[in-house]
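Structural overview
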Amino acid sequence: MSGMRLFLSTRFVFAALLGAVLIAPAAHAADPPKKKEGAFGKGGGAFLSKEQLRSCLSQKDRIAQSDDDLLKERAALGGIKDELARSGEALKAKLEVLDRTSAEAVAAYNDEAKARDAQIDAYQKRVEGFNGRVEAAKPEREAYSKACDNRRFFEDDEIAIKKGK
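Since we're looking at a predicted model, the values are computed, not measured. Here the residue numbers are simple positions, counted from 1 along each chain's written sequence. Where totals are concerned, whole chains, interfaces and linings use all residues; where local detail is concerned, this predicted model gives features only for residues with pLDDT of at least 70, and gives and counts side-chain atom pairs only at 80 or more. To get the side-chain values, take all heavy atoms of the structure and skip hydrogens and water.

Here is the rule: rings of Phe, Tyr and Trp (six-membered ring for Trp) pair when centre to centre is within 6.5 Å. Planes less than 30 degrees apart are stacked, more than 60 are edge-to-face, and the remainder are tilted. As enumerated under the stated definition, the model contains one aromatic pair in all. Each ring, one from Phe47 and one from Phe154, has its centre 4.4 Å from the other, and the planes form 5 degrees; the classification is stacked. Linking Phe47 in strand β2 (residues 44–47) with Phe154 in strand β3 (residues 151–154), this pair joins segments that are 107 residues apart in sequence. Only Lys NZ and Arg CZ are tested; either one counts as a charge over a ring when it is within 6 Å of the ring centre and within 35 degrees of the ring normal. A cation sits over an aromatic face here: Arg152 above Phe47, 4.2 Å from the ring centre. By the criteria applied, helices consist of DSSP H or I runs no shorter than four residues and strands consist of E runs no shorter than two, each listed in order from the N terminus.

Here it is as structure tokens:
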């Protein structure tokens, strides 16, 4: 009789476990869906409100556009600098073969040198302007870093903002 009781209790335990396995998915289905999280950086601290997220996203876009513009300007300045270096080498080569007895040749060389000096002055002003724009962009980057960087947000809010809601 004890063997029969063990068989019945094993059957009972098996039936109970099977019932628990079948009921568990239904219990999880009743839980409300959790909002997906996103983050700028690693994410931590309180969640951004929808308005804070909207502000952070627009700030992020402005910073990205500014970075693109600055990179293009930097590339252009690099090209100008290379051209100035080439023209300097060309002037140096002309100076080595310059006929110093000819006033016309010396005057032509001096005109080329003056033109190059004017290009260098224009380049220097452009570099100063570029450096000023780089410095002017720092406060916005710092504000973004302080307010948005490593802050969590809900992906549903981000999707709604990008859809224009």
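Attention now goes to the state of the cysteines. Pairs of cysteine sulfur atoms within 2.5 Å are identified as disulfides in what follows. For the structure shown, the criterion picks out one disulfide. Each sulfur of the disulfide joining Cys56 and Cys148 lies 1.9 Å from the other. In this structure the cystine formed by Cys56 and Cys148 twists about its S-S bond by roughly -85 degrees; its chirality is therefore left-handed. Of this pair, Cys56 sits in helix α2 (residues 50–96) while Cys148 sits in the loop between α3 (103–147) and β3, and the two are 92 residues apart along the sequence. The class for Cys56 is buried, based on a relative accessible area of 3%. With a 1.4 Å probe rolled over the protein chains alone, any residue whose accessible area is under 20% of its type maximum counts as buried; one over 50% counts as exposed, and the rest are partly exposed.

Let us now look at unusual backbone geometry. Despite not being glycine, Asn150 shows a phi value in the positive range, around 60 degrees. Relative to the elements of secondary structure, Asn150 occurs in the loop between α3 and β3. According to the relative accessible area criterion, Asn150 is partly exposed, its value standing at 38%.

What follows concerns the pattern of salt bridges. The working definition used for a salt bridge is a side-chain nitrogen of Lys or Arg within 4 Å of a carboxyl oxygen of Asp or Glu. A complete count under the given rule lists nine salt bridges for this structure. Between Glu51 and Arg54 there is a salt bridge, with the nearest N and O atoms lying 3.5 Å from each other. With Glu51 and Arg54 both in helix α2 and three residues apart, the pair spans about one turn of that helix. Relative accessible area serves as the criterion here: at 28%, Arg54 is assigned to the partly exposed category. The salt bridge involving Glu112 is made with Lys94; its shortest N-O contact spans 2.6 Å. Linking Glu112 in helix α3 with Lys94 in helix α2, this pair joins segments that are 18 residues apart in sequence.

Turning next to the nonpolar core. In these notes, a set of buried Ala, Val, Leu, Ile, Met, Phe, Trp, Tyr and Cys residues joined through side-chain atoms within 4.5 Å is what counts as a nonpolar core. In this structure, Leu48, Leu53, Cys56, Leu57, Ile63, Tyr144, Cys148, Phe153 and Ile161 together form the largest nonpolar core, which totals nine residues. Sort the elements by how many residues they give to this core and α2 lands first, with four residues. Ranked by size, the runner-up nonpolar core spans six residues in total, among them Leu77, Leu84, Tyr123 and Val127.

Among all positions in helix α4 (residues 155–162), only Asp157, Glu158, Ala160 and Ile161 are buried. The buried side chains of α4 occupy one side of the element, clustering within an arc of 165 degrees when seen end-on. Structurally, α4 contributes buried residues whose contacts are with α2 and β3. Looking at the residues trailing α4, positive phi occurs at Gly164, about 95 degrees. Of all possible arcs, the one meant is that of the directions from the helix axis to the C-beta atoms. When checking whether two residues touch, look at their non-hydrogen atoms; a contact exists if any pair is within 4.5 Å.

Here we take up α2. The end-to-end C-alpha distance of α2 is 69 Å, a good match for the 69 Å that 47 residues give at a rise of 1.5 Å each. Contacts from the buried residues of α2 go to α3, β3 and α4. Multiplying one less than the number of residues by 1.5 Å gives the expected span of a helix.

Before going further, it helps to examine the confidence of the model for the protein chain. Predicted coordinates in regions of low pLDDT should not be interpreted in detail. pLDDT: the predictor's confidence for each residue, scored from 0 to 100. Of all residues in the protein chain, 72% have pLDDT values of 70 or greater, and the mean over the chain is 81. Mean pLDDT across the secondary structure elements of the protein chain bottoms out at helix α1 (residues 2–30), with 44, and peaks at α3, with 95. Considering only residues more than four positions removed or in separate chains, one finds that residues 1–32, a stretch of pLDDT under 50, has zero contacts.

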